Amino acid sequence: IDLPGFGMSQGRSDLMSPTGMARFVARAAWKLGITRMHGVGPDVGALAMLFAAAERPDLFESLVVGSGATKVELAAGGLVDLIASPPGAFADQQGGDIAVGFVTASSANMPPPSVIEDYWHSSSAGRFEQATNYVRSYSHELPLLDKILTRIEAPVLVLAGAQDPIVPPANGEYLVKGIRRCRQVLLDGGHLIWEDSADGYGAEIASWIGGAYKKFGSINSRA
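What you see is a predicted model, and the numbers here were worked out from it, not measured in a lab.

A. Local environment of helix α3 (residues 77–84). For α3, the complete set of buried residues consists of Leu-79, Leu-82 and Ile-83. The arc that holds every buried residue of α3, seen down its axis, measures 100°, which confines them to one face. Along α3, the residues that are exposed and aim more than 90 degrees away from the buried face are Asp-81 and Ala-84. On its buried face, α3 is in contact with α4 (95–106), α6 (127–136) and α7 (138–141).

B. Representation of the packing of aromatic side chains. Summed over all chains, the structure comprises four aromatic pairs. Ring centres of Phe-90 and Phe-128 lie 5.4 Å apart, and the angle between their planes is 85°; this geometry places the pair in the edge-to-face category. On the criterion of sequence distance, the pair formed by Phe-90 in the loop between α3 and α4 and Phe-128 in helix α6 is long-range, its members being 38 residues apart. In this pair, the class of Phe-90 matches that of Phe-128, namely buried. Ring geometry for Trp-208 and Tyr-213: centres 6.3 Å apart, planes at 50°, overall tilted. The exposure classification of Trp-208 matches that of Tyr-213, with both residues buried. An aromatic cluster is built from Phe-6, Tyr-134 and Tyr-138, whose rings are joined through pairwise contacts.

Rules and cut-offs
- Residues numbered from 1 in each chain as written.
- Predicted model: local features only at pLDDT ≥ 70, side-chain atom pairs only at ≥ 80, totals over all residues.
- Heavy atoms only, no water.
- Buried < 20%, exposed > 50% of the residue type's maximum accessible area, 1.4 Å probe, protein only.
- Helix = DSSP H or I, 4+ residues; strand = E, 2+ residues; numbered from the N terminus.
- Arc of directions from axis to C-beta.
- Contact = heavy atoms within 4.5 Å.
- Phe/Tyr/Trp six-rings, centres within 6.5 Å; stacked < 30°, edge-to-face > 60°.

All we've got here are geometric facts, nothing functional implied.
This is the structure we're talking about:
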C-alpha cells in the first residue's frame, strides 16, 4: 500500500514520522484482519516497518527493508538537504518537478516515462512539501533506533542498491550490527533499487519469504 502522504494516498500530519507511520502500519494490519505478516517496506517504509516491529513483535514473521536512512550522519547527497530543510521550504514550488529531479539523480537507470509521470503526480503541488516533513523528523527520530533495534525479534533482510547515492550501504550495515537476526544484500543499482534491479529485487524477496528467513534459527542466534 502507499503509506499516507506518499504515492497518491491522503496524508495526515500526525503520521509524518517513522513512529507515527509505524502506528499506522499496525492499525492497517488490524483493519485488514492480518495477525501475522512479512512486512516489505523500502525507502521511507523501512523505518515505519522497523519501529512497528519493535512495538509489535507478534505481528511480523519477517521484514524486508532497505534504501532508508538509519542515522542522520549516514545520509548523503540530496537527502541531507531534505532532512535539514526548514518547514515550508518547498511550499511555493512545484513538488512534482522536484521529485522527478530527485528520482532521476538518485537512480542508476532512468525509469520509464510512465513511472516518472507517477512520481510527478504523487508529489505534485504541495504534496512534496508535506511528504518532506517525514524526512525532517529524522533528526530527532533516527537516534531512537539505537534503543529499539534489539527489540526486533523478526528476521530482517536489508535489500538495497550498492551504488545508492543518498542512502549508502553503511545504513544497512548499521542495522546488521544492531538487529539480532539481520543480513544485507546489495544489488547492482542506485536508490530506487526496486526499479534499477527489478528482477533481482523480486527474486530476493521471493526467496526470503519462501523460506530463507527461517535459516536464522531461534531468537537467541545471530546471523
